[in-house]
Each structure stands twice: as C-alpha cells, then as structure tokens.
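Fold and geometry: a report
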Amino acid sequence: MKRHSSSITHHASRITRHSSLASFFRAIAAIVWKDLAAELRSRELLSAMLVFALLVILIFNFALELDVKTRATVTAGVLWVTFVFAGTLGLNRSMAIEKDRGCLDGLLLAPVDRSAIYFGKVISNLVFMFIVEAIVLPVYSVLYNTNLFKLGLIGVILLGSVGYVAVGTLLSAMAVQTRTRDVLLPILLFPVVIPVLVAAVKASSGFLQGLGLAEVMPWINQLIVYDIVFTAVAFMVFDYVVEE
Amino acid sequence: MEPQPLALKILNIVSAVLLAIAVWLVFFYAPLELVMGAVQKIFYFHVANAWVGMLGFIVAAVAGIAYLRTHDMKWDIVEMAAVEISLIFFLIAIVTGSIWAYPAWGTWWTWDPRLTTAAILEMIYIAYLLLRQGIEDPDRRARFGAVYTLIGGLSVPLTFISIRIFRTIHPALIGTASAASQGGFDMTAPMKLTFFFSLFTFSLIFVVLLWHRIRLGRLVEKVEQLKLKFMQ
C-alpha cells in the first residue's frame, strides 16, 4: 500500500508540468488504478460486498415470501435495498483501508488537486458497485425467474449508483475520521440519499412493470438532476473534509 | 459568564407574555371550527411549531455555509443551536400533528410528503448530533458539521419534491392533507388573527431560544478551552 501511494506522489509530481486538465485526469486514473490493483490482490472488498448482497437477497426471500405476485411489485425495492446495503459495506471498507494504513495522508501529500482524490475514489467505488450489481442481477433473474436484463433498468441502476456513490464517498471520508467510524456511515448516508433512492426505485419499478418511456422519464430526469447536484456539492466540499 | 444583556431579559418576559396571550386567543377568542370542532385548535400551535423548525433548519444551513467560508467558530455555535432547536420543534410539530391527525384523518400517521420529510429531517438531525459526538477536535467537528448541514439542507427539499411527485398518484390523501395543513383560506378573521399571532409569538420564542443557546454554546467552548489548558 505504501508503495502505491509513493508511486502516485512520484507520478503526480512528474505530471504537474503538463497541462493542468490532462494531469488532473491522470491523477484520477492513478488513484482508480491503485484501488483496482489493490483490490485485485486482496479481493477482500468485493468478496465481502458480494456475499453480503447475496445474503440480503436470501433473507428477503424468507422475509417477503417472494412469490410471483409479490415479486412484480417489490423487485425494484429489494434490488435497491440490496445495492444500498452492499454499497455501504464497500464505501466503508474502501475509505477505512486508506485511513488505517496511512494511505490517505500519502494521497493528501501528493501535489494533486484534492478533487482528483475525490473523483478517483468515486470512480473506484462505482466500479466495485457495478461489479456487484452485474453479478446480483443475473443471480436474481435465475433465482426468481424474472428477466431483469432490460436496457432501461440497467440505465437506471447505473444512474442511481452514481448519485449514491457521489454522496457516499464524501460521507465515508467523514465517517472514517470519527470515533464511531463504520457504524456512522449508514446513519449519515441513508437519510440524505433518499431523493436518489426514491427516484431510482420508482424508475426501476416502472421499467419492470413495462410502463412506457413517457411515464418513467420524469423519474429518470430527476435522477439525472440529483446525480449532478450531489456530485457537484460533494466535489465542492470535499476539501473541507480532508483538510488537516 | 457575563450576565444576560438587557435586550435578552426583556425578550424573555415579552415572549412569555405573548405566549400566554396566544394560549388565551386559541382557547377563548378563536371560534370553534365547524367540521373538526375543538381538536382543530391544535392547528395554531402545530403550524407555529413546524414554522420554528423550518426557521431553525434554514438558519443551520446558512450558518454551515458561513462557517465553511469564514472558519469562524461563532458560526459553528449558531449552527449547533439552530439544529437543536429545530430538532425539538419539529418533534413537537410531529406529535401535535399526530394528535390532530387521529381525529381528522382517522390515523396517527400517513406517509404524506410533509410528514415523511419531517421524519427524515429528524433522522438527519440525529445523525448530525451523532457525527459531532464522535469527533473530539473542535475544528474538525465544526467542519464536518457544516458539511453535513449543507448536504442535509440540499437533500431535504429534494426529498420533499420527490415524495410529493410520487404521492400525487394517491390524490385522495394529499388533497385533504394539503388543504388542512396549508392553513386553509376559508378561515374567519378571528381565526386568522389567532393564527398569525401565534406564528409571530413562536418566531420570537425561536429568537430568544437561539440567543440563549448561542450563549450556552460560547460557555461550552470556554469550558472546553479551560479543560485543554488544565490538561496540559
């Protein structure tokens, strides 16, 4: 881990001489690459998220008696609760790794814009979430014999995940710096991320019930607006969260 | 601790007197509502409480932004004071609302946009207090608190919009709910007077409480500094 951050420092100081925008994107890419490489070696984050997501689905099966009739109405809700819970696990872990091994200090010392760190973490968290979602969707489809592979639904899941991770990354950076740590993230995150969830669940269930695009579009528009608003604000205040 | 300034002492007394007058107006001046009867009288204080909660919510968000811009601890104290007052007054609004809702709608609670948003707002405030509790460094506590009120201040109106659009699918509930809680435009003149009087009274109470809480916040800050000095 130490090696990663020092290589980023080195990398970053080399690229500050280039045009600022290109160096900004390269700093983001370096952080994403570091996270993915670390995850590829340890696999601790993804495996935990995946097992947890599958367990949540399993529990829902008993809790809700997911028979054919219930399934049609609650699938969207079950999916999003699964993603949200598994996502919290991932967000927590991904920031805790940075904090525990002093990696965050290394990143902060690097001569890159702080927002590059934010976007780097957002993208790597998003990648982890997409991987989990890409595995949960077919598993759910097989287990409950419903076809979830609808282009609209996948689009909604992508959009919803962006909004969720945008706020989640900011708040997880806050949560790891407190005494209560992991316990705090869901408490901080869930009440503020509700607008994203409401829009995502409504749009998903719209597509699952085969409503026309005209009926689902207002929810998708809302989702896009929330994504932009939350990403912009989190990007603006991230500096305050990591400054020492 | 310096003694209370004269203006605050006067405001203490004025707000107590106004509250007493407001209670008198509600019970003896405002006429009985035709359909709902005596239970409708809770409306005057219910809306006033929600209004104070709303004021606190806005003050907290503005103080949060002011803190992030200036890094001046006084804004952190204002923010904390506003959040605490808003938390309590929204709780009172929810409870009085439930008391009113049971006879009026036949249920203690519905997932109407206003009720849901108020409940979520309470959760955000509790999360805010938990967040602050977990941080020892005052500077970091202030920064994180300000960031969280900012995010909350953004999210709550969005939640309200989302749920509002979502619930319009059930027009029966929202019709009665909004007509009743908007204050209704078919109020008689004495009702209107009582309503605006209690609104004004509670706004004043908000100012007085905020003032007291800011003084308390400054005292807490002083104690913390003394503690630090003593420990070293």
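Summary of the structure given here.

The next point concerns the overall build of chain B. Secondary structure summary: chain B contains seven helices and zero strands in total. Helices (α) and strands (β) of chain B occur, in sequence order from the N terminus, as α-α-α-α-α-α-α. Scored against the burial criterion, the 232 residues of chain B give a buried share of 47%. Summed over all atoms, the accessible surface of chain B reaches about 11,800 Å², with 75% contributed by carbon and sulfur.

Here the focus is the interface of chain A and chain B. Across the boundary between the two partners, chain A contributes 28 residues, which contact 27 residues of chain B. For the pair chain A and chain B, the two sides together bury roughly 2,700 Å², of which 72% comes from carbon and sulfur. Its largest share of buried area at the contact with chain B, chain A owes to Met174, Arg179 and Tyr240 of chain A, together 20% of the area lost on that side. Inspection of the chain A/chain B interface yields two salt bridges. For the salt bridge of glutamate 136 of chain B with arginine 179 of chain A, the shortest nitrogen-to-oxygen distance reads 2.9 Å. Inspection of the chain A/chain B interface yields 12 residue pairs in polar contact (both at pLDDT 80 or more). For the side of chain A that touches chain B, the secondary-structure elements that each account for two or more residues are α7 (151–175), α8 (184–208) and α9 (213–242) of chain A. Class assignment for the residues of the side of chain A that touches chain B results in 20 nonpolar, four polar and four charged.

Residues and elements named next belong to chain A. Helix length check: helix α3 (residues 44–64) (21 residues) gives 30 Å between terminal C-alpha atoms against 30 Å at 1.5 Å per residue, within 8%. Looking only at α3, the buried set comprises Leu45, Leu46, Met49, Leu50, Ala53, Val56, Ile57 and Phe60. The buried residues of α3 occupy an angular sector of 125 degrees when projected down its axis, which confines them to one face. α3 presents Ile59 and Phe62 as exposed residues on the side facing more than 90 degrees away from its buried surface.

What follows deals with the pattern of salt bridges. Taken as a whole and judged by the stated rule, the model has 14 salt bridges over all chains. Salt-bridge contacts for lysine 34 of chain A lead to glutamate 98 of chain A; the nearest nitrogen and oxygen are separated by 2.5 Å. Here glutamate 98 of chain A lies in helix α4 (residues 68–100) and lysine 34 of chain A lies in helix α2 (residues 20–42), a separation of 64 residues in the sequence. Comparing lysine 34 of chain A with glutamate 98 of chain A, the two get one shared label, buried. A salt bridge links glutamate 224 of chain B to arginine 141 of chain B; the nearest nitrogen and oxygen atoms lie 3.1 Å apart. Of this pair, glutamate 224 of chain B sits in helix α7 (residues 189–231) while arginine 141 of chain B sits in helix α5 (residues 138–167), placing them 83 residues apart in sequence. With a relative accessible area of 15%, arginine 141 of chain B lands in the buried category. The structure contains a network of salt bridges with shared partners spanning Lys34, Asp35, Glu98 and Lys121 of chain A.

The rules behind each value
- Residues numbered from 1 in each chain as written.
- Chains lettered and ligands numbered in written order.
- Predicted model: local features only at pLDDT ≥ 70, side-chain atom pairs only at ≥ 80, totals over all residues.
- Heavy atoms only, no water.
- Helix = DSSP H or I, 4+ residues; strand = E, 2+ residues; numbered from the N terminus.
- Buried < 20%, exposed > 50% of the residue type's maximum accessible area, 1.4 Å probe, protein only.
- Areas by Shrake-Rupley, 256 points an atom, 1.4 Å probe, with all protein chains shown as cover.
- Contact = heavy atoms within 4.5 Å.
- Buried area = accessible area lost by both parts, 1.4 Å probe.
- Salt bridge = Lys/Arg side-chain N within 4 Å of Asp/Glu carboxyl O.
- Polar contact = N/O pair within 3.5 Å; in protein donor to acceptor, adjacent residues only side chain to side chain.
- Nonpolar A, V, L, I, M, F, W, Y, C, P; charged D, E, K, R; others polar.
- Expected span 1.5 Å × (residues − 1).
- Arc of directions from axis to C-beta.

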